[in-house]
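A structural walkthrough
Chain by chain, the residues:
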Amino acid sequence: MTDGRPFGGDRSPVLDESVRLVFHTVLVLSVYLLFAGHNAPGGGFSGGLVAGAAIVLRYLAGGRAAGAVPGVGHEVLLGVGMLISTLTGVAALVGGTGFLEAWVFDREVAVLGTVKFTGTLPFDIGVYLVVIGLIAAIVDSLGREADTTEADALDPDGVAGREGTA
Amino acid sequence: MTALLPLSVVLPLVGAALCLVFSRVRALQRTVTLVTLAAGVGMAAMVLARVDAEGPTAVQVGEWAAPVGITLVADLMAALFLLFAMLTILGVAVYAIGQGADGRSVFHPAYLVLAAGVAGSFLAGDLFNLFVCFEMMLIASYVLITIGATEAQVRSGMTYVVINLTASTLFVTVVAFVYAATGTLNLADLSGRFASLPQALQLAIGLSLFVMFGVKAAIFPLFGWLPDSYPNAPTAVTAVFAGLLTKVGVYAIIRTQTVLGLDELGTFILVVAGITMVVGVVGAIAQGEVKRILSFHIISQIGYMIMGLGLFTVAGVAGAIFYVIHQIPGKTVLFLAGGLVEETTGTGELHRLGGLIRSAPVIAVAFLIPALSLGGIPPLAGFVAKLSLVQAGLSAEAWVIVAVALVASILTMVSMTKIWSGVFWGDPDEAPPLPAALGATRLRPPALMTAATLATVGITLAIAVFAGPIFDMATRAAESALDNTAYVEAVMGS
């Protein structure tokens, strides 16, 4: 096992560096899409997919250790996302308006200028988290199989592991 | 009331989200599931009380008016089904917890999403959201049916997934047809516009919807996936599928066909119903294992429900509605009892079982009551259901289907007797896997499982006791389904 890379082999410096360059840019783009979603192309789902693509890239370059969101299980990510989305609907209900009824926030804020977002934003944030959690879960469970079988195929006696590279 | 309908769908989803967050803590997951489902039962009862008093109620989600927005509608038929579905889902949840079937952390979230999908399918006011809720239910069912990840489960689960995905693709296609032809998907709006379409197009749409929901409801000849996939899943999962999934399909058939009002399809539906009854029950007689026999029975029973619709009379549809109501808990509890047999003896194969009437009398009672009900023995609910269908058939002068229904009913009794004599009477031909089952000691399944099974038996008995009022409601539900003026008014608001 070489640094937990899914398919064994040496790390590719080119891939490593490219991912390091691209990773944060892609995440910023995903957040932009998330916030633009209420009246422009974008939204929680596409934002989440873009963020998921960033996670997949990092997973391919660096293996599972760097794959998912550090410290948070994907079930939790999925659950929290779903909770935010569903409670957005319920909150509108409790607040006296109809279920999932949207509101608009449109105000001048110092430094930022005009800030506008709508009641669909929390819902979209929930969707964003659900999509990220789902992609992390898929990558992790598909990759787990690849990790074990590829590692066995490349190194049937587990010699590399004993030499202590991992 | 405007809060109750969306909450019936969303609350289980909130519960599912919490169960995901707590996926490491089984006790919390169980608490969330039980609390959510109990609240679901309470809300369903309130919806029913309200709809019974005030007629159909509609909620426009997000205040986007019909026919554009998402509409949730509860009429008497939907409210009745919702209540008995939620009761059954709660009962099976207790059973699953008692059995420890929730060993994988994904069980509770998937189970609650299934509950949300079932509730949503009953309450959806337009075809597209019916599709969405159906998919929610099915995707959760894909997880549940393969949850043990044994080889047999994955093999039969693949068949199940592929067939359902095919049917779902057909569903979206039909939705597109309907939208292209009428410009609306809202059921209330549709019922007004559908009549102006050319006759051939009407029939094409009606038939496509019937075939597509027919796959989900497992009618002849589209039932092949069911007896293969159901018996391999864990008992609690099979039980809830048996009680609900096919019935949601039947509900969708009744709902769409009454909205479209295509009486011309009646004869066709009756023919399909008759064949479904006979083929299902003959298949059941040929089987030698408890869950497989019961799985074939599901198909046979679907035939009766479709028969009531095919008559296209108030009495017929009322019979079908009552039939669905008594089948939801009735079919489930048979699987629960079958699961208790497997739990205590380690097998469901008839030739390895016997004498359980002495070693496990409680299980015998829990099986006997719903079995007699299914066979149509008075005074149980199944008798009332069959009687009402036969009467409806006689008054519509549909002699052939009545004869077929009566013959199929006798055959049902025969195959139930097969389980009864194989499992509860006599001695096993071969030793069962667990020595305790030989009759030497009393068999005791986990108390919670027995309690959940008996509680569900209690629901079936309650349906028999209150058959009068429930049937009266079913009749009014059928009246309002066939003549949907009140439904349309509630949705379109005029």
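Residues numbered from 1 in each chain as written. Chains lettered and ligands numbered in written order. Predicted model: local features only at pLDDT ≥ 70, side-chain atom pairs only at ≥ 80, totals over all residues.

**Let's talk about the overall build of chain B**
Secondary structure summary: chain B contains 20 helices and 2 strands in total. Taken over the C-alpha trace, chain B has a radius of gyration of 21 Å; the compact-globule value for 494 residues is 23 Å, and the two agree within 12%. Expressed along its principal axes, the backbone C-alpha trace of chain B runs to roughly 70 × 55 × 40 Å. Look at the contacts in chain B between residues 6 or more apart in sequence, and 80% of them connect residues 24 or more apart. (Helix = DSSP H or I, 4+ residues; strand = E, 2+ residues; numbered from the N terminus. Rg over C-alpha atoms; globule rule 2.2 N^0.38 Å. Contact = placed C-beta atoms within 7 Å.)

**Points about the overall build of chain A**
Check the secondary structure of chain A and you find 5 helices and 2 strands. When the helices and strands of chain A are read in sequence order from the N terminus, they spell out α-α-α-β-β-α-α. With 166 residues in all, chain A has 35% of them scored as buried. (Buried ≥ 20, exposed ≤ 12 C-beta atoms within 10 Å, placed from the backbone.)

**Points about the interface of chain B and chain A**
The interface is formed by 17 residues belonging to chain B together with 17 residues belonging to chain A. The residue makeup of the side of chain B that touches chain A, split by class, is 12 nonpolar, 4 polar and 1 charged. (Nonpolar A, V, L, I, M, F, W, Y, C, P; charged D, E, K, R; others polar.)

**What about the packing of helix α16 (residues 381-395) of chain B against helix α17 (residues 399-424) of chain B?**
Residues and elements named next belong to chain B. Look at α16 against α17: their axes get within 9 Å of each other, and the N-to-C directions meet at 160 degrees. Considering the angle they form, α16 stands roughly antiparallel to α17. The hand of the α16/α17 crossing is left-handed. Where α16 abuts α17, its residues K386, L389, V390, G393 and L394 lie against I401, V402, A405, L406 and S409. Of the residues that constitute the contact of α16 with α17, the class distribution is 7 nonpolar, 2 polar and 1 charged. (Axes fitted to C-alpha atoms, helices over the stretch in contact; angles between N-to-C directions. Parallel < 35°, antiparallel > 145°, perpendicular 65-115°, else oblique. Left-handed = near helix turned anticlockwise from the far one by under 90°.)

**Points about the packing of helix α13 (residues 314-345) of chain B against helix α15 (residues 361-375) of chain B**
All names here are of chain B. Interhelical geometry of α13 versus α15 gives an angle of 150 degrees and a closest axis separation of 9 Å. Here α13 lies roughly antiparallel to α15, going by the angle between them. Considering how the two elements wind past one another, α13 and α15 form a crossing that is left-handed. Here α13 contributes G330, V333, L334, A337, L340 and V341 to the contact with α15, which in turn contributes I363, A366, F367, P370, A371, S373 and L374. In the contact of α13 with α15, the residues fall into 11 nonpolar, 2 polar and no charged.

**What about the nonpolar core?**
Residues and elements named next belong to chain B. By size, the foremost hydrophobic cluster in this structure holds 225 residues, and its most contacted members are L80, F81, L82, I321, I325 and A474. The element that contributes the greatest number of residues to this core is helix α3 (residues 76-99), accounting for 20 residues. Residues within four places of L80 in sequence aside, it is in contact with L48, I321, I325, M473, A474 and A477. (Core = buried A, V, L, I, M, F, W, Y, C linked by C-beta atoms within 7 Å.)

**Focus: unusual backbone geometry**
Residue and element names in this part refer to chain B. Put simply, F220 and P221 share a cis peptide bond, and its omega is -5 degrees. On the secondary structure map, P221 appears in the loop between α8 (199-217) and α9 (225-229). Here P378 and P379 are connected by a cis peptide whose omega angle stands at 5 degrees. Mapping P379 onto the fold places it in the loop between α15 and α16. With phi around 65 degrees, A218 is a residue other than glycine that occupies positive phi space. Structurally, A218 can be placed in the loop between α8 and α9. Its identity is not glycine, yet E397 carries a phi of approximately 60 degrees, on the positive side. Tracing the backbone shows E397 in the loop between α16 and α17. The exposure class assigned to E397 is exposed, which follows from the 8 C-beta atoms found within 10 Å.

**Some remarks on the environment of A:V56**
All names here are of chain A. Structurally, the position occupied by V56 is in helix α2 (residues 44-62). Separated by 80 residues in the primary sequence, V56 and A136 have C-alpha atoms spaced 7.9 Å apart. Excluding anything up to four places from it in sequence, V56 contacts I135 and V139.

**What about the environment of B:P56?**
Residue and element names in this part refer to chain B. Along the chain, P56 turns up in the loop between α2 (26-54) and β1 (57-60). We classify P56 as buried; it has 23 C-beta atoms within 10 Å. Along the backbone, P56 and A218 are 162 residues apart, and their C-alpha atoms lie at a distance of 29 Å. Every residue in contact with P56, bar those within four places of it in the chain, is listed here: V51, V73, A74, D75, S480, A486, Y487 and A490.

**A closer look at the confidence of the model for chain A**
Residue and element names in this part refer to chain A. Per-residue confidence for chain A averages 75 on the pLDDT scale, and 69% of its residues sit at or above 70. Put simply, helix α5 (residues 159-162) is where chain A has its lowest mean pLDDT, 49, and helix α1 (residues 13-36) is where it has its highest, 88. Every residue in residues 161-166 is under pLDDT 50, and counting partners more than four places away or in other chains gives 7 contacts. (pLDDT = per-residue confidence, 0-100.)

**A short note on the confidence of the model for chain B**
All names here are of chain B. With 97% of its residues at a pLDDT of at least 70, chain B reaches an overall mean of 88. The spread of mean pLDDT over the elements of chain B runs between helix α14 (residues 356-359), the lowest at 79, and helix α4 (residues 107-123), the highest at 95. The complex prediction reports pTM at 0.89, with the ipTM value standing at 0.82.

**Focus: α13(B)**
Residues and elements named next belong to chain B. Between its first and last C-alpha, α13 extends 46 Å over 32 residues, near the 46 Å set by a 1.5 Å rise per residue. The sharpest bend along α13 measures roughly 35 degrees and falls at Q327, with the proline P329 sitting one to four residues further on. Counting buried residues along α13, 28 of its 32 residues qualify, which places the element largely inside the surrounding structure. Immediately beyond the C-terminal end of α13, within one or two residues, lies G346, with a positive phi of roughly 85 degrees. (Expected span 1.5 Å × (residues − 1). Bend = angle between axes of the 7 residues up to and from the residue.)

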